[in-house]
Amino acid sequence: MIGIVMFAAALFMLLLGFPVAFTFGAVAVIFGFIYGLSEAWDYAQGFEILTEAFEDMSRQFFSLMPNRIYSIMENQLLISVPLFILMGMILQKTRLAERLLESMAFLFGGVRGGVAISTVLVGALLAATTGIVGATVIAMGVISLPVMMKYGYDKPLATGTIAAAGTLGQIIPPSIVLIILGDILSVSVGDLFSAAVIPGLVLVGFYVIYIAIISYICKDYAPPVPPLEGLSKSKQIFIALKNVVPVLVLILLVLGSIFAGIATPTESSSVGCLGAIVLAVLYRTFSFRLIYDALKNTAKISGMVFMILMGATAFSMIFSYTGGDEVVKNFMENLPGQAWGFIALTMVVIIVLGFFLDYVEISYIILPILLPIVESLHINPVWFAILIAVNLQTSFMTPPFGFSIFFLKGVTPPQIHTTDIYKGVLPFILLQILVLLTLAIFPGVFGLKAFLG
């Protein structure tokens, strides 16, 4: 019972606006003391004995917390997180997004919805290189949104496309979400990367098809952009290939080395950083100032991620010791439909939590509780992880606290209101849920038969 109250208290504090990492850490400490006091009360008689018993229990109880946190710092798999962030930061500062968007606009701008389709395709390419949602959304909001507004694009369609394209980094490898899920579920990150490729590409395809259909039905939503004068079609194709091919080579180096078994995710992340520096040199944007700024931003983002991770780890430890995990396990295992009932409820809960929490908190608080149930119900962990990764992607776009919405709103002109972004992301959220349902019911369609045995 204490564990359930603890979870409710954490959500309440988050709604009041307290920082996520410190909220979970503080709730863990407070409820750890409450649990220690309640246990001491059961085994002691008299105030002096109660105090002594409470001190002994608290000492034993909280001595485990530094060990849990230190184990995070020793985890070699998580080294790839700051390295992939660094790779993304270097590429962001090379104006990669701007070059890719210009190139794609050359090729697709002449058709209805062409700039929006270009934005989705560039989002997919950036997802496979940077994987940083905030950087991608902001870059495309600054570059792509003014073009769409200039040529009369529907505001919800334009903003929804940018927000959705920016979140593709959560499912298309190398994804930080997949690295975290691999660590928690104790499955190969290389397997998760391989399993996530087709679902990620299917999601991109759904986005493109939706934009093409809505542009065809509502002809004034996404008019074609006139081609640039003075450039032949062959010249436009050459410029596009010149900007796209180096990025594809980098993607091949990073993901190909993992899929071929040549490098681990941690080793491939260092290869990605080196490749990003080479691209910066090729694009003539390399400088020591660029490296310094990229390192500084990487330290800030990594520090935020690991602070949240430590707070969430402390929270899940206290939640387990107070018996909250047993309550959840007993409830989940007795659901109608056994494994299917468990998966359905899990997906609904994660979608709801996505309205309030980030993917790091959801992963490190919810998944350790669910892992024993996954094992007892004999659910394939790779398939389960991919389902969660697709689900977590929606958390970046669900109002009111979707991070993509906030990132995009920060760079939009005054004539675009938050309600425009809310309307714009809704169809893409529904598309994500459709892909999630299809992936759950027909995993073989997404190439997961090899992982399901």
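Everything below is about the structure printed above this text.
Residues numbered from 1 in each chain as written. Predicted model: local features only at pLDDT ≥ 70, side-chain atom pairs only at ≥ 80, totals over all residues. Heavy atoms only, no water.

K.L.:
Would you mind showing me how to read the overall build of the protein chain here?
P.N.:
Scanning the protein chain from terminus to terminus reveals 20 helices and zero strands. Expressed as a percentage of its 453 residues, the buried residues of the protein chain come to 53%. Considering only intrachain contacts with a sequence separation of at least 6, the fraction spanning at least 24 residues in the protein chain is 79%. When the accessible surface of the protein chain is totalled, it reaches about 19,800 Å², and 70% of it is carbon and sulfur. (Helix = DSSP H or I, 4+ residues; strand = E, 2+ residues; numbered from the N terminus. Buried < 20%, exposed > 50% of the residue type's maximum accessible area, 1.4 Å probe, protein only. Contact = heavy atoms within 4.5 Å. Areas by Shrake-Rupley, 256 points an atom, 1.4 Å probe, with all protein chains shown as cover.)

K.L.:
Which parts of the structure should I look at to understand the nonpolar core?
P.N.:
In summary, soluble globular proteins display a tendency toward joint burial of nonpolar side chains. Formed by 143 residues in total, the largest nonpolar core has its most connected members in Tyr207, Phe342 and Phe384. The biggest single contributor to this core is helix H13 (residues 288-321), with 13 residues. If we skip the residues at most four places from it in the chain, Phe384 touches Leu185, Phe342, Thr346, Met347, Leu367, Leu370, Val374 and Ile379. (Core = buried A, V, L, I, M, F, W, Y, C linked by side-chain atoms within 4.5 Å.)

K.L.:
Explain the environment of Ser287 to me, please; I cannot follow it from the model alone.
P.N.:
Along the chain, Ser287 falls in the loop between helix H12 (265-282) and H13. Once the C-alpha coordinates of Ser287 and Ile277 are considered, the two residues, ten residues apart in sequence, prove to be 9.6 Å apart.

K.L.:
How do you make sense of the packing of aromatic side chains when you look at a structure like this?
P.N.:
Each aromatic ring pair is described using two quantities: the centre-to-centre distance and the angle formed by the ring planes. With the rule as written, the count across this model stands at five aromatic pairs. Judged by centre distance (5.1 Å) and plane angle (85°), the ring pair of Tyr207 and Phe428 falls under edge-to-face. Of the two residues, Tyr207 is situated in helix H10 (residues 189-217) and Phe428 in helix H19 (residues 418-441); the sequence distance between them amounts to 221 residues. When its relative accessible area of 0% is taken as the criterion, Tyr207 is described as buried. Take Phe428: its relative accessible area is 1%, and that puts it in the buried class. (Phe/Tyr/Trp six-rings, centres within 6.5 Å; stacked < 30°, edge-to-face > 60°.)

K.L.:
Looking at this model, I keep getting lost on the packing of helix H4 (residues 80-93) against H12. Mind explaining?
P.N.:
When two helices pack together, their arrangement is given by the angle between their axes and by how far apart the axes lie. Put simply, H4 and H12 touch, their axes get as near as 8 Å, and they point 15° apart. Classified by the angle their axes make, H4 and H12 are roughly parallel. Crossing of H4 against H12: the hand is left-handed. Seen from H4, the contacting residues are Ser80, Leu83, Phe84, Leu86, Met87, Ile90 and Leu91; seen from H12, they are Pro265, Thr266, Ser268, Ser269, Ser270, Gly272, Cys273, Ala276, Ile277, Leu279 and Ala280. (Axes fitted to C-alpha atoms, helices over the stretch in contact; angles between N-to-C directions. Parallel < 35°, antiparallel > 145°, perpendicular 65-115°, else oblique. Left-handed = near helix turned anticlockwise from the far one by under 90°.)

K.L.:
What's the story with the packing of helix H17 (residues 381-394) against H19 in this structure? I'm lost.
P.N.:
Interhelical geometry of H17 versus H19 gives an angle of 170° and a closest axis separation of 9 Å. In terms of axis orientation, H17 runs roughly antiparallel to H19. Residues Trp383, Ile386, Leu387, Val390, Asn391, Gln393 and Thr394 of H17 touch H19, and the partners they reach there are Gln432, Leu436, Leu439 and Ala440. Per-class residue counts for the contact of H17 with H19 are seven nonpolar, four polar and no charged. (Nonpolar A, V, L, I, M, F, W, Y, C, P; charged D, E, K, R; others polar.)

K.L.:
Would you explain a nonpolar patch on the surface in this entry?
P.N.:
A contiguous nonpolar patch, built from Leu107, Ile237, Leu241, Val245, Val249, Leu253 and Val271 and spanning about 530 Å² of accessible area, is present on the exposed surface. Take the nonpolar patch: its biggest share by element is five residues, from helix H11 (residues 233-259). Note that Leu241 resides in helix H11. Take Leu241: its relative accessible area is 49%, and that puts it in the partly exposed class. (Patch = residues over 30% accessible without salt bridge, like charges linked within 9 Å, V, L, I, M, F, W, Y side chains within 5 Å. Salt bridge = Lys/Arg side-chain N within 4 Å of Asp/Glu carboxyl O.)

K.L.:
So what exactly am I meant to see when it comes to H13 here?
P.N.:
Residues that lie three or four places apart on an α-helix share one face, since the helix turns once every 3.6 residues. End to end, H13 covers 49 Å across 34 residues, agreeing with the expected 50 Å (1.5 Å per residue, within 8%). A positive phi of about 90° marks Gly323, the residue just after H13. (Expected span 1.5 Å × (residues − 1).)

K.L.:
For this particular structure, what's the right way to read the pattern of salt bridges?
P.N.:
Where side chains of opposite charge bring their charged atoms close, a pairing between them can arise. If you walk through the whole model with that rule in mind, you get two salt bridges. The closest approach of N and O atoms between Asp420 and Lys155, which form a salt bridge, is 3.9 Å. Here Lys155 lies in helix H8 (residues 155-166) and Asp420 lies in helix H19, a separation of 265 residues in the sequence. For Asp420, a relative accessible area of 9% corresponds to the buried category. Across the pair Asp293 and Arg289 runs a salt bridge, and its minimum N-O distance is 3.5 Å. With Asp293 and Arg289 both in helix H13, this residue pair falls four residues apart, about one helical turn.

K.L.:
Please explain unusual backbone geometry as it appears in this structure.
P.N.:
Excluding glycine, a negative phi dihedral is what most residues carry, and trans is how most peptide bonds are arranged. A positive phi angle is found at Ser186, which is not glycine, with a value near 60°. Positionally, Ser186 belongs in the loop between helix H9 (176-185) and H10. In the Ramachandran plot, His378 falls in the positive-phi region, its phi being about 60° despite a non-glycine side chain. When you line up the elements, His378 lands in the loop between helix H16 (359-376) and H17. A relative accessible area of 73% places His378 in the exposed class.

K.L.:
Whenever I open this one, the side chain of Ser302 confuses me. Can you help?
P.N.:
Assignment of secondary structure puts Ser302 in helix H13. Polar contacts involving the side chain of Ser302 include one to the main-chain carbonyl oxygen of Thr298, which spans 2.8 Å. When sequence neighbours within four positions are dropped, the list of residues in contact with Ser302 reads Pro82 and Ile85. (Polar contact = N/O pair within 3.5 Å; in protein donor to acceptor, adjacent residues only side chain to side chain.)

K.L.:
So what exactly am I meant to see when it comes to the environment of Leu83 here?
P.N.:
Residue placement: Leu83 occurs in helix H4. In this structure the C-alpha to C-alpha distance between Leu83 and Glu267, which are 184 residues apart in sequence, comes to 9.4 Å. Residue contacts for Leu83: discarding those within four places in its chain leaves Thr266, Ser269, Ser270 and Cys273.

K.L.:
Where do I start with H17 in this structure?
P.N.:
End to end, H17 covers 20 Å across 14 residues, agreeing with the expected 20 Å (1.5 Å per residue, within 8%). The element H17 is largely enclosed, with a buried count of 13 among its 14 residues. The N-capping residue of H17, defined by a side-chain oxygen 3.0 Å from the backbone nitrogen of Val382, is Asn380.

Worth remembering: the numbers are spatial, not functional.
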